[in-house]
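Next come the chains, spelled out residue by residue.
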Amino acid sequence: MSPFARSALTTFATLTLLTLIVAAQSLVPEETLATEPIPHSGEMGEPLDARRFTVTVEKVEFAETVTDEGGFGPSEAIEAHGVWVVATLEITAATAPLPNVDAELVMGDGYVYAASTWVNNGLNGGSSRPVPGIPVTGKLVFEVPEDRVTDPTLQVSARTSIDERLSARADIHLGLDGEQLDRRLAQPQKRIAVPAPTQTS
């Protein structure tokens, strides 16, 4: 083989190898994608098995104000800058206690709202942690502008530690849209009291 042919073959092999390396790297997921929470999808009113926990969204209500219930004395009503979206749900841990429960309300237009920390009794407040086999019923409270409530999905994450890598996440479509949603938003409840989460033995 002539030196020219050998040089051309070497150059071709090098370029081919570099192309394959670049292609292989593009197939490797980013670290954040490879370790983000694992989603499980379901509908409101139906139990959703997210492997590490099971959750059922029982109902969703709208209110002008919310209060913590059951404290030492009257609780001050908290008025929404918009509307309070209050979801009642039951959650049961599968194999280990879940001291960290977080939630977000994801709208159909992409806007995301975290569960409010203004309400101490919310499930995300840490007042009661789900333990294996014992259902916990409580509420999650979200403050949302009325015009942003569009086809929401409730995302509930529960994990054993603050590390959320590869944790379980339940994505529950709430079925709130159309004229029925418009009517409910136009006539929210004056006040919803949020009791501390309760366990069902």
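Procedures and definitions
- Residues numbered from 1 in each chain as written.
- Predicted model: local features only at pLDDT ≥ 70, side-chain atom pairs only at ≥ 80, totals over all residues.
- Heavy atoms only, no water.
- Helix = DSSP H or I, 4+ residues; strand = E, 2+ residues; numbered from the N terminus.
- Buried < 20%, exposed > 50% of the residue type's maximum accessible area, 1.4 Å probe, protein only.
- Polar contact = N/O pair within 3.5 Å; in protein donor to acceptor, adjacent residues only side chain to side chain.
- Contact = heavy atoms within 4.5 Å.
- Pairing = 2+ DSSP bridges.
- Axes fitted to C-alpha atoms, helices over the stretch in contact; angles between N-to-C directions.

**Student:** Would you mind going over the side chain of Lys139 in detail, with residue names and values included?
**Tutor:** Following the sequence through the fold, Lys139 ends up in strand 7 (residues 136–144). Take Lys139: its relative accessible area is 10%, and that puts it in the buried class. A distance of 2.8 Å separates the side chain of Lys139 from the side chain of Thr88, its partner in a polar contact. Beyond its immediate stretch of four places on either side in the chain, Lys139 contacts Lys59, Glu61, Val86, Ala87, Thr88, Gly122, Leu123, Ala193, Val194 and Pro195.

**Student:** If you had to explain unusual backbone geometry to someone new, which residues and values would you point to?
**Tutor:** Although it is not a glycine, Arg51 sits at a positive phi angle of roughly 75°. Owing to a relative accessible area of 67%, Arg51 belongs among the exposed residues under this scheme.

**Student:** Tell me about the pairing of strand 4 (residues 78–93), and name the residues and values.
**Tutor:** As defined by bridge partners, strand 3 (residues 53–68) adjoins strand 4 across twelve bridges and the pair is classed as antiparallel. Paired with Ala63 across the strands is Trp84, a residue of strand 4.

**Student:** Account for the environment of Phe62, naming residues and giving values.
**Tutor:** Turning to its location among the elements, Phe62 is positioned in strand 3. It is 9.7 Å that separates the C-alpha atoms of Phe62 and Val141, two residues lying 79 residues apart in sequence. Excluding its chain neighbours within four sequence positions, the residues that come into contact with Phe62 are Val83, Trp84, Val85, Val149, Leu176, Leu181, Arg184, Leu185, Pro188, Gln189 and Ile192.

**Student:** Please set out the sheet that holds strand 9 (residues 168–173) residue by residue, giving values where relevant.
**Tutor:** Backbone-to-backbone hydrogen bonds join strands into a sheet, with any given pair of strands oriented parallel or antiparallel. Taken in spatial order, the five strands line up as 1-9-8-5-6 in an open sheet, and their pairing is mixed. One side of each edge strand has no neighbouring strand; the edge strands of this open sheet are strand 1 (38–43) and strand 6 (112–114). Neighbour-to-neighbour, the strand axes of the sheet open up by a mean angle of 25°, direction not taken into account. For strand 5 (residues 100–106) and strand 8 (residues 153–159), the ladder comprises seven bridges, and the chain directions are antiparallel. Bridging from a neighbouring strand, Asn100 pairs with Arg159 of strand 8.

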